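Listed below are the residues making up each chain.
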Amino acid sequence: MLAFLIPGAGHLYQGRRTKAGIFAVCILSTFFAGMVLAQWQPVYSQVLYGRDADRDPESAQLGPGPLRKERSLGFYAQVFVGVPALPALIQAWRCGPHNEPLAVPETPVDADFRGIMLNDGGINRTRVQGKIHMEPGRGKTVIGTFTGTSQNGRPVTAEIRGRAILGRPVFGSPLREIRCELASDDPLQSNQLQGTIDRPFHNWFQAPRDNSELDRMNNTLSQRFDVACVFTWIAGLLNLMVIWDAFDGPAYGYGDEKPDDDSDEQ
Amino acid sequence: MAPPTVTATKSRTMILTNNDRHTNGIHSWTQPMPTIFYAIPLSVSISLVYCATRYEMPSCIFRSAAAMFVKILIGMTIIYGVLSFFSW
């Protein structure tokens with residue numbers, strides 16, 4: 001059990017310190033090298049699909065209702081690293097039916113925003129980034145402000161008023177998607193903000209994610225994401241051999257040890 | 001006023017794919033390293049752990065791990081050479 005929870009701990013408990021050191025250093029450094037390479041995101045136990053996955057493959061973070069979940073095959077290898085990979089199971093449990101997109105934030109939102117502003121009913125799109133402040137309004141609406149700059153460096157200020165939707169609180173992406181309506185003089189034309197804000201580390205670390213997030217990781221990190229996944233898979237599979245060694249000794253027995261003095265006399 | 005939609009749009013895809021904020025967080029030492037060189041630390045790790053599960057004495061472990069590492073490198077170099085030759 002110790003060998004499973006922490007690589008090398010089983011051997012340390014048995015007094016085989018050199019081997020414990022080799023296992024701990026090699027396996028944990030391989031695993032965490034993979035984690036650093038992929039910005040701490042290669043480990044996840046489930047892939048999520050939205051309710052309308054066929055028609056809208058990117059709706060898992062914002063789409064309502066329960067999500068279809070599929071096990072990540074890579075996690076079957078990663079889980080053997082033990083404690084470092086176990087948060088993925090806790091996050092999968094947290095990502096249950098109560099983990100729904102929010103129409104109204106529970107607490108006021110003050111965060112860095114990055115995304116686009118849709119004006120004139122979506123005809124004009126402007127890439128913007130800045131600060132967003134949002135708090136519950138009357139009923140299922142929110143009020144707030146956005147202050148930032150456009151892609152050209154032009155200052156942009158907008159009043160948020162109307163409906164909004166925030167991505168699921170627990171989701172395997174550091175970017176939490178958000179959409180909200182902006183105040184508009186023309187009731188026929190909807191102005192919106194669509195983009196992302198930061199999600200707290202404990203809400204995305206090793207959490208289930210959708211293919212859209214995996215696409216983003218592959219787009220951002222390219223081959224490094226695949227290499228990082230391989231590092232974490234191999235670390236887990238190596239610990240599988242270590243667990244067996246702790247349970248049943250070295251595969252070739254103890255033939256490499258020096259013979260005892262008693263046996264020489266005989 | 002129409003409510004915010006939850007369907008995917010071209011604009012949303014643009015947000016996700018063009019969002020380069022997190023590329024700034026990559027450590028600089030990982031940037032210029034060709035992918036093939038990640039195989040070296042991985043081979044060292046695999047050799048050491050594999051041989052440590054085969055032998056008990058440290059001298060045997062390190063000697064056999066070194067031999068195994070060299071064999072892996074030679075094997076990978078041959079495969080790399082063959083693949084490079086056929087893709088040339």
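Just so it is clear, the model here is predicted, and its values are computed rather than measured.

Novice: Kindly report on the overall build of chain B, identifying the contributing residues and their values.
Specialist: Looking only at helices and strands, chain B features 3 helices and 0 strands. In sequence order, chain B lays out its α and β elements as α-α-α. In the form shown here, chain B has an accessible surface area of approximately 5400 Å², with 73% of it arising from carbon and sulfur atoms.

Novice: For the environment of arginine 16 of chain A, give the residues involved together with the corresponding values.
Specialist: By the secondary structure assignment, arginine 16 of chain A is in the loop between α2 (9-14) and α3 (17-37). Given a relative accessible area of 14%, arginine 16 of chain A falls into the buried group. Considering only alpha carbons, one finds arginine 16 of chain A and proline 200 of chain A, 184 residues apart in sequence, at a separation of 40 Å. Ignoring any residue separated from it by four or fewer positions in sequence, one finds arginine 16 of chain A in contact with His11, Asp245, Ala246, Gly249 and Pro250 of chain A together with Glu56 of chain B.

Novice: Which residues make up helix α3 (residues 58-87) of chain B, and what values do they have?
Specialist: Counted at 1.5 Å a residue, the expected span for α3 of chain B with its 30 residues is 44 Å, and the 42 Å between its end C-alpha atoms agrees. Regarding α3 of chain B, the residues found buried are Cys60, Ile61, Ser64, Ala65 and Phe69 of chain B. Considering only its buried residues, α3 of chain B is in contact with α3 of chain A together with α2 (39-52) of chain B.

Novice: Break down the sheet that holds strand β5 (residues 142-150) of chain A for me, with residues and values.
Specialist: Adjacent strands of a sheet pair through backbone hydrogen bonds, lying either parallel or antiparallel. Residues and elements named next belong to chain A. Strand order in the closed barrel made by the 6 strands is β3-β4-β5-β6-β7-β8, with antiparallel pairing throughout. Across this sheet, the average inter-strand angle for adjacent strands is 40 degrees, counted without regard to direction. Two strands pair when backbone bridges link them, and strand β3 (residues 109-119) and strand β4 (residues 124-136) are joined in this way by 11 bridges, in the antiparallel orientation. Across the sheet, the residue bridging to isoleucine 116 is arginine 127, located in β4.

Novice: Let's hear about unusual backbone geometry: which residues, and what values?
Specialist: With a phi close to 65 degrees, tryptophan 40 of chain A is a non-glycine residue in the positive phi region. Its place among the elements puts tryptophan 40 of chain A in the loop between α3 and β1 (46-49).

Novice: Describe the packing of helix α8 (residues 223-248) of chain A against α2 of chain B, and please don't skip the residues or the numbers.
Specialist: Axis separation between α8 of chain A and α2 of chain B bottoms out at 9 Å; the angle between their running directions is 10 degrees. In terms of their interaxial angle, α8 of chain A and α2 of chain B are classed as roughly parallel. On the side of α8 of chain A, the interface is formed by Val230, Phe231, Ile234, Leu238, Met241, Val242 and Asp245 of chain A, while α2 of chain B contributes Leu42, Ser45, Ile46, Val49, Tyr50 and Ala52 of chain B. Among the residues making up the contact of α8 of chain A with α2 of chain B, the classes are represented as 11 nonpolar, 1 polar and 1 charged.

Novice: Describe the packing of aromatic side chains, and please don't skip the residues or the numbers.
Specialist: All names here are of chain A. Under the defined criterion, the tally for this structure stands at 9 aromatic pairs over all chains. Taking the centre distance of 5.5 Å and the plane angle of 75 degrees together, the rings of phenylalanine 113 and phenylalanine 146 count as edge-to-face. With phenylalanine 113 in strand β3 and phenylalanine 146 in strand β5, the pair connects residues that are 33 residues apart, well separated along the chain. Comparing phenylalanine 113 with phenylalanine 146, the two get one shared label, buried. Ring geometry for phenylalanine 201 and phenylalanine 205: centres 4.8 Å apart, planes at 20 degrees, overall stacked.

Novice: Just give me the short version of α8 of chain A, but keep the residues and values in it.
Specialist: The end-to-end C-alpha distance of α8 of chain A is 38 Å, a good match for the 38 Å that 26 residues give at a rise of 1.5 Å each. In the segment just after α8 of chain A, glycine 249 of chain A is the residue with positive phi, at about 75 degrees.

Novice: Can you lay out the state of the cysteines for me, pointing to particular residues and giving the numbers?
Specialist: Counting across every chain of the model gives 0 disulfides over all chains. Looking at the unpaired cysteine 95 of chain A, the closest cysteine sulfur is the one in cysteine 229 of chain A, lying at 19 Å.

Novice: Requested: an account of the packing of α2 of chain B against α3 of chain B, with residues and values cited.
Specialist: All names here are of chain B. Remark: α2 packs on α3, axes separated minimally by 8 Å, with the N-to-C direction vectors making an angle of 140 degrees. On the basis of the axis angle, α2 is oblique to α3. Here α2 runs over α3; the crossing is right-handed. Facing α2, whose interface residues are Ala39, Ile40, Ser43, Val44, Ser47, Leu48, Tyr50, Cys51 and Ala52, α3 presents Ile61, Phe62, Ser64, Ala65, Met68, Phe69, Ile72, Leu73 and Met76. Broken down by class, the residue content of the contact of α2 with α3 amounts to 15 nonpolar, 3 polar and no charged.

Novice: Could you give an account of the confidence of the model for chain B, naming the residues involved and the relevant values?
Specialist: Residues and elements named next belong to chain B. In this model, chain B carries an average pLDDT of 74, and 64% of its residues clear a pLDDT of 70 or more. Within chain B, the element-level pLDDT minimum falls on helix α1 (residues 10-18), averaging 40, and the maximum on α2, averaging 94. Predicted confidence is poor over residues 1-26, with pLDDT under 50, and the contacts of this stretch with residues over four places away or in other chains come to 73 contacts. Scored as a whole, the predicted complex attains pTM 0.80, and scored at its interfaces, ipTM 0.78.

Novice: Any chance you could break down the nonpolar core for me, citing the residues and the numbers?
Specialist: Most often, soluble globular proteins have nonpolar side chains that are buried together. Counting 22 residues, the largest nonpolar core has Ile22, Ile27, Phe31, Val43 and Phe75 of chain A together with Val49 of chain B as the members making the most contacts within it. If you list the elements that add at least two residues to this core, you get α3 and α8 of chain A together with α2 and α3 of chain B. The element that contributes the greatest number of residues to this core is α3 of chain A, accounting for 6 residues. Those residues in contact with isoleucine 22 of chain A that lie beyond four places of it in its chain are Leu48, Ala52, Ile61 and Phe62 of chain B. Core analysis: the second largest hydrophobic core is formed by 21 residues, Ile132, Val142, Phe146 and Leu182 of chain A among them.

About the thresholds
Residues numbered from 1 in each chain as written. Chains lettered and ligands numbered in written order. Predicted model: local features only at pLDDT ≥ 70, side-chain atom pairs only at ≥ 80, totals over all residues. Heavy atoms only, no water. Helix = DSSP H or I, 4+ residues; strand = E, 2+ residues; numbered from the N terminus. Areas by Shrake-Rupley, 256 points an atom, 1.4 Å probe, with all protein chains shown as cover. Buried < 20%, exposed > 50% of the residue type's maximum accessible area, 1.4 Å probe, protein only. Contact = heavy atoms within 4.5 Å. Expected span 1.5 Å × (residues − 1). Pairing = 2+ DSSP bridges. Axes fitted to C-alpha atoms, helices over the stretch in contact; angles between N-to-C directions. Parallel < 35°, antiparallel > 145°, perpendicular 65-115°, else oblique. Nonpolar A, V, L, I, M, F, W, Y, C, P; charged D, E, K, R; others polar. Phe/Tyr/Trp six-rings, centres within 6.5 Å; stacked < 30°, edge-to-face > 60°. Disulfide = S-S within 2.5 Å. Left-handed = near helix turned anticlockwise from the far one by under 90°. pLDDT = per-residue confidence, 0-100. Core = buried A, V, L, I, M, F, W, Y, C linked by side-chain atoms within 4.5 Å.

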